Amino acid sequence: MRGLKSIRIAAILTLLLAVCISSGAFANEPCLKMVFGRYCLGGDVGPLLQAVPPPFVRQDEGASLALVFVDGPDRLYVLAFNGKVYKVVRAFGVSTQLRYEETYAALRDIYGLGEDRSRFPADAKTPGRRLVAIRRGEGIAMHVWTPSPTWRIELSWTREMGLSLAYVATDLSAARAAQIDGGL
């Protein structure tokens, strides 16, 4: 009877240890935010290098790494600096005013109004003129939310990326920018 009780206790402790390890409780760098159910913002990029299916594109440049994954009509960009994921971007395959408004409304319902950082020419006052300015590369639509001091969300619509939703690790992004601005 005593042996059976010891086995049960050992099994429970092993199970608890496994749960803690899989949740990242013992990790050096915690996951700031799990993005799109798969990408650990602030976490190690290593596991993504062995992902199945593998990245569609991989580009290394010094301490920076860019991985591109295909998700249906969308592209997912995972950007890392010094081995840590600092930005995850979903570039939507279809960029429309309706999709922008639906995505903005969903984010607003969760995180509040956010900050409007859009930039348009003075004559782009209507949605139609703003769309033309975006397509010409003369304007961008952007909203930013900062639900945590460690990460932020950016919803943007630009000529280069189309409609995109990005999650950014604040400190890692700043460290990467400092390195690039410093000419390293």
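Residues numbered from 1 in each chain as written. Predicted model: local features only at pLDDT ≥ 70, side-chain atom pairs only at ≥ 80, totals over all residues. Heavy atoms only, no water.

*Asks:* Account for the side chain of Ser-164, naming residues and giving values.
*Replies:* Summarising the element assignment, Ser-164 is placed in strand 10 (residues 162-169). Residue class for Ser-164 comes out buried when judged on its relative accessible area of 5%. (Helix = DSSP H or I, 4+ residues; strand = E, 2+ residues; numbered from the N terminus. Buried < 20%, exposed > 50% of the residue type's maximum accessible area, 1.4 Å probe, protein only.)

*Asks:* So what about the pairing of strand 10? Which residues, and what values?
*Replies:* With eight of eight residues buried, strand 10 lies mostly within the body of the structure. Judged from the five bridges that link them, strand 6 (residues 84-91) and strand 10 form a sheet pairing that is antiparallel. Bridge pairing in strand 10 places Val-89 opposite Ala-166. The pairing of strand 9 (residues 151-158) with strand 10 spans eight bridges and is classified as antiparallel. Residue pairing for strand 10: Ser-156 is matched across the bridge by Ser-164. Linkage of strand 9 to strand 10, two consecutive antiparallel strands, is achieved through a turn of three residues. (Pairing = 2+ DSSP bridges.)

*Asks:* Account for the state of the cysteines, naming residues and giving values.
*Replies:* By definition, a disulfide links two cysteine residues through a covalent bond between their sulfur atoms. Within this structure, the stated rule accounts for one disulfide. Two residues, Cys-31 and Cys-40, share a disulfide whose sulfurs are 2.4 Å apart. (Disulfide = S-S within 2.5 Å.)

*Asks:* Could you give me a rundown of the pairing of strand 5 (residues 74-81), with the residues and numbers involved?
*Replies:* In regular strands, side chains alternate between the two faces of the sheet. Direction of pairing for strand 4 (residues 64-71) relative to strand 5: antiparallel, over a ladder of eight bridges. Bridge pairing in strand 5 links Asp-71 to Asp-74. Counting the residues between successive antiparallel strands, the hairpin from strand 4 to strand 5 contains two residues, one of them, Gly-72, with a positive phi of roughly 65 degrees. In this sheet, strand 6 lies alongside strand 5 in antiparallel orientation, the contact comprising seven bridges. Considered in strand 6, the bridge of Tyr-77 is made with Val-89. Hairpin connection, strand 5 to strand 6: the antiparallel pair is bridged by two residues, and Asn-82 has positive phi, about 50 degrees.

*Asks:* An account of the pattern of salt bridges is needed here, citing residue identities and associated values.
*Replies:* Enumeration according to the criterion identifies five salt bridges in this entry. With a shortest N-O distance of 3.0 Å, Arg-90 and Asp-74 are connected by a salt bridge. Taken together, the positions of Arg-90 in strand 6 and Asp-74 in strand 5 put the pair 16 residues apart, joining distant regions of the chain. Considered together, Arg-90 and Asp-74 belong to a single accessibility category, that of buried residues. Between Glu-115 and Arg-117 there is a salt bridge; the shortest N-O distance is 3.3 Å. Using a relative accessible area of 41% as the deciding quantity, one classes Glu-115 as partly exposed. Shared partners join several salt bridges into a network, and the residues in it are Asp-71, Asp-74 and Arg-90. (Salt bridge = Lys/Arg side-chain N within 4 Å of Asp/Glu carboxyl O.)

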